[in-house]
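Listed here are the chains, written in short residue letters.
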Amino acid sequence: MFLMEYAEIPFKVLEYTAGHINYGGRVTDDWDRRCLMNILSDYYDIGVLNETHAFSKSGLYRQINPDTDHNGYLEYIRSLSINDMPEVFGLHENANITFAQNETFECLGALVLLQPKSASGGGKSREEVIEDSARSILGQVPNAVEVGPVMKKYPVLYEQSMNTVLVQEVIRYNKLLNVMKKSLNDTLKALKGLVVMSQQLEDMSTSLFINTVPAMWASKAYPSLKPLASWIIDLVARMKFINNWIDHGIPSTFWISGFFFPQAFLTGTLQNYARNKVISIDTISFGFEVMREAYTELKEGPADGCYIYGCYIEGARWDYQNFILAQSLPKELYTDMPVFWLKPESNRKVPETGIYDCPLYKTLTRAGTLSTTGHSTNFVFAVEVPSNQPEKDWIKQGVAMLCALNY
């Protein structure tokens, strides 16, 4: 009833009421709420009262002339396709491909689970497949890293927080590797009847058979949506990154996707700058600069901050010619991002134009829970990506950066 007291239609009040009050208690994630408020702003706007107003760029979804009769409204509704086009939501046409893929993977995943545990006819038996898979993984996965020599070579130093980050990463990966080695050997013994096939080993055998990451490993591992074969390749690459760091010293560029807990690495970078400049870490935040060189060309790290690489982007692409964010090409769902220079700055003012505040997630799920450290298990941090288009367009298209894909 208070809305009737305004001389004009209070669109800002309506938008705030719907977005922050009505849906506010349900949408608790800041990035989801940002998306919600941008979508609502398209409808709570004086422009929608214009007879020629279009809700999509093609004009297919548009305002109807208020003088149109009932039959005219029905005719327009019938002219729309049964399945809504992505453009009505502000999404790129590639969103249809992603939707179709997700439906297909879900269907095929259910069919795989329906496979019988016993096979007839030729080919390998279920037990033979599991045994071959277990032996193959044991041959690929490296042994755990000895923590003692690493701590001796990279001791805790006030001026170099990266030493602590490395040791913590080694400890986390060691826990995973030890569980993997033990469970694989136990599974091989159980298949031969040397030990009892427990429920855990039974579940793990099923996972090995259908090429999914066993729950026993996933509980000790980093978030990932990859199938087992790709997951093992990724794990080997991560350990190669860690071992290169141990053997050759702090790298000039950091593969951010290779960290078990990337938030610790980012905090360590800020700590190094704060202790070097003798200023409070609470006043420091990252500035961003996109590098034109590939990560292999950067032989030395920057004086302040760090170089990171290994990110992907969904919903948009990086234009390497104009060096700005650009619309995705048809059928191109994910693209590589260039090297970013994270530049710590004190009391930094965030630019209001010329950038898109892009969230970086570990996986495509884009959702996580708060861990005991207060960090999300999936969201890493926000990256300012240069852009010459309104930020609102990228938000509605769901543009986000990712540390790893699902294949």
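What you see is a predicted model; the values in this text were computed from it and never measured. (Residues numbered from 1 in each chain as written. Predicted model: local features only at pLDDT ≥ 70, side-chain atom pairs only at ≥ 80, totals over all residues. Heavy atoms only, no water.)

Trainee: With reference to specific residues and values, describe the environment of leucine 364.
Mentor: Its place among the elements puts leucine 364 in the loop between strand S9 (355-361) and strand S10 (379-386). For leucine 364, a relative accessible area of 17% puts it in the buried group. Put simply, leucine 364 and cysteine 311 are 53 residues apart on the chain and 12 Å apart in space, counted from C-alpha to C-alpha. Not counting chain neighbours up to four residues away, the residues in contact with leucine 364 comprise Leu225, Glu314, Tyr334, Leu402, Ala404, Leu405 and Asn406. (Helix = DSSP H or I, 4+ residues; strand = E, 2+ residues; numbered from the N terminus. Buried < 20%, exposed > 50% of the residue type's maximum accessible area, 1.4 Å probe, protein only. Contact = heavy atoms within 4.5 Å.)

Trainee: Give me the lowdown on the nonpolar core, citing residues and values where you can.
Mentor: Residues Trp217, Trp231, Leu235, Phe381 and Met401 are the most contacted members of the largest nonpolar core, which totals 76 residues. The greatest single-element share of this core, amounting to 11 residues, is contributed by helix H7 (residues 162-191). (Core = buried A, V, L, I, M, F, W, Y, C linked by side-chain atoms within 4.5 Å.)

Trainee: Residues and numbers for the packing of helix H1 (residues 11-22) against helix H2 (residues 30-43), please.
Mentor: The geometry of H1 relative to H2 is characterised by a closest axis approach of 10 Å and an angle of 150 degrees between their N-to-C directions. In terms of their interaxial angle, H1 and H2 are classed as roughly antiparallel. The crossing of H1 and H2 is right-handed. Contacts from Glu15, Ala18, Gly19 and His20 in H1 reach Arg33, Leu36, Met37, Leu40 and Ser41 in H2. (Axes fitted to C-alpha atoms, helices over the stretch in contact; angles between N-to-C directions. Parallel < 35°, antiparallel > 145°, perpendicular 65-115°, else oblique. Left-handed = near helix turned anticlockwise from the far one by under 90°.)

Trainee: With reference to specific residues and values, describe H2.
Mentor: Between its first and last C-alpha, H2 extends 21 Å over 14 residues, near the 20 Å set by a 1.5 Å rise per residue. When H2 is considered as a whole, its buried residues turn out to be Trp31, Arg34, Leu36, Met37, Asn38, Leu40, Ser41 and Asp42. Residues of H2 that are buried make contact with H1, S9, S10 and helix H12 (391-396). In this structure aspartate 29 caps H2, since a side-chain oxygen of it lies 2.9 Å from the backbone nitrogen of tryptophan 31. (Expected span 1.5 Å × (residues − 1). Polar contact = N/O pair within 3.5 Å; in protein donor to acceptor, adjacent residues only side chain to side chain.)

Trainee: So what's going on with the pattern of salt bridges? Residues and values would help.
Mentor: The final tally for this structure, using the stated rule, is 12 salt bridges. A salt bridge links glutamate 169 to arginine 172, with the shortest nitrogen-to-oxygen separation between them at 3.6 Å. Taken together, the residues glutamate 169 and arginine 172, both in helix H7 and three residues apart, mark about one turn of the helix. Glutamate 169 sits in the buried class, given a relative accessible area of 0%. Of the residues examined, arginine 172 reaches a relative accessible area of 25% and is grouped as partly exposed. Each member of the salt-bridge network shares a partner with another, and the members are Asp42, Lys392 and Lys396. (Salt bridge = Lys/Arg side-chain N within 4 Å of Asp/Glu carboxyl O.)

Trainee: Outline the sheet that holds strand S11 (residues 400-402), listing residues and values.
Mentor: Pairing within the open sheet is mixed, and its five strands lie in the order S7-S4-S11-S9-S10. Bordering the open sheet on either side are strand S7 (334-336) and S10, each of which pairs with just one other strand. Pairs of neighbouring strands in the sheet enclose a mean axial angle of 35 degrees, with direction left out of account. (Pairing = 2+ DSSP bridges.)

Trainee: Explain the packing of aromatic side chains to me, using residue names and the numbers behind them.
Mentor: Applying the stated criterion across every chain yields a total of 22 aromatic pairs. Measuring from ring centre to ring centre gives 5.5 Å for tryptophan 245 and phenylalanine 254, while their planes differ by 70 degrees; the resulting arrangement is edge-to-face. Relative to phenylalanine 265, the ring of phenylalanine 259 has its centre 4.6 Å away and its plane inclined at 15 degrees; by these criteria the two rings are stacked. Like phenylalanine 265, phenylalanine 259 is buried. One aromatic cluster in this structure is built from Phe241, Trp245, Phe254, Trp255, Phe259 and Phe265. Above the face of the phenylalanine 209 ring, arginine 126 is positioned so that its terminal group lies 5.3 Å from the ring centre. Between the NZ or CZ atom of arginine 238 and the centre of the ring of tyrosine 222, over which it lies, the distance is 3.6 Å. (Phe/Tyr/Trp six-rings, centres within 6.5 Å; stacked < 30°, edge-to-face > 60°. Lys NZ or Arg CZ within 6 Å of the ring centre and 35° of its normal.)

In short, geometric facts, not functional conclusions.
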